[in-house]
Amino acid sequence: EFIDSYYFNQAEYIRFNSTVGKYVGYTEHGVKNAETWNKGSVLAQELGELERVCKPHAAILYSNVL
């Protein structure tokens, strides 16, 4: 699971969660940003990072834990 969180004044206002597959806002400002980011190229970039970095390394990291 890949999570990318954004904080302001120690409060989380927006998060990308790979399980959900989109940005989720937790404040009024975060909800507006999440709607914008989910429609634009920002979501495509985040999903690209998931495919490029996380999935290839998941098997390696999992085998190290065992």
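As the structure is a computational prediction, the values presented were derived from the model and not from experiment.

**Concerning the pattern of salt bridges**
Across all of its chains, the model carries 4 salt bridges by this definition. Glu 49 is the partner of Arg 52 in a salt bridge, and the nearest nitrogen-oxygen pair spans 2.9 Å. With a gap of 3 residues between them, Arg 52 and Glu 49 both fall in helix H2 (residues 41-65), about one helical turn apart. Look at Glu 49 and you get partly exposed, because its relative accessible area is 33%. For Glu 51, the salt bridge goes to Lys 55, with nearest N and O atoms at 2.9 Å. Residue Glu 51 and its partner Lys 55 are both found in helix H2; the two are separated by 4 residues, about one turn of the helix.

**Brief notes about the UniProt feature "domain: MHC class II beta chain N-terminal" (unreviewed entry) in the protein chain**
Under the UniProt annotation, the feature "domain: MHC class II beta chain N-terminal" (unreviewed entry) is placed at residues 1-62. Counted over residues 1-62, helix gives 55% and strand 27%. Its end C-alpha atoms are 12 Å apart.

**Looking at the nonpolar core**
Generally speaking, soluble globular proteins have nonpolar side chains that are buried together. Tyr 13, Ile 14, Phe 16, Tyr 23, Ala 34, Trp 37 and Leu 43 together form the largest nonpolar core, which totals 7 residues. Elements supplying a minimum of two residues to this core: strand E2 (11-17) and helix H1 (28-39). In terms of residue count, E2 provides more of this core than any other element does, 3 residues in total. In contact with Tyr 13, not counting residues within four places along its chain, are Tyr 6, Tyr 7, Phe 8, Val 24, Gly 25, Tyr 26, Thr 27, His 29, Gly 30 and Asn 33.

**A few points about the sheet that holds E2**
Reading across the sheet, the 3 strands line up as E1-E2-E3 and stay open at both edges, with antiparallel pairing between neighbours. Where the open sheet ends on each side, the last strands, each with one partner, are strand E1 (3-8) and strand E3 (22-25). The average undirected angle you get between the axes of adjacent strands in this sheet is 20 degrees. Sheet topology places E2 next to E3; 4 bridges connect them, and they run antiparallel. The residue bridging Arg 15 from the neighbouring strand is Val 24, located in E3. Sheet strands touched by H1: E1, E2 and E3. Its angle to E3, the strand with the most contacts, is close to 165 degrees. Across the sheet, H2 is in contact with E1, E2 and E3; its angle to E3 comes to roughly 120 degrees.

Reading the values: the criteria
Residues numbered from 1 in each chain as written. Predicted model: local features only at pLDDT ≥ 70, side-chain atom pairs only at ≥ 80, totals over all residues. Heavy atoms only, no water. Salt bridge = Lys/Arg side-chain N within 4 Å of Asp/Glu carboxyl O. Helix = DSSP H or I, 4+ residues; strand = E, 2+ residues; numbered from the N terminus. Buried < 20%, exposed > 50% of the residue type's maximum accessible area, 1.4 Å probe, protein only. UniProt positions renumbered as here; feature names shortened; annotations may be inferred. Core = buried A, V, L, I, M, F, W, Y, C linked by side-chain atoms within 4.5 Å. Contact = heavy atoms within 4.5 Å. Pairing = 2+ DSSP bridges. Axes fitted to C-alpha atoms, helices over the stretch in contact; angles between N-to-C directions.

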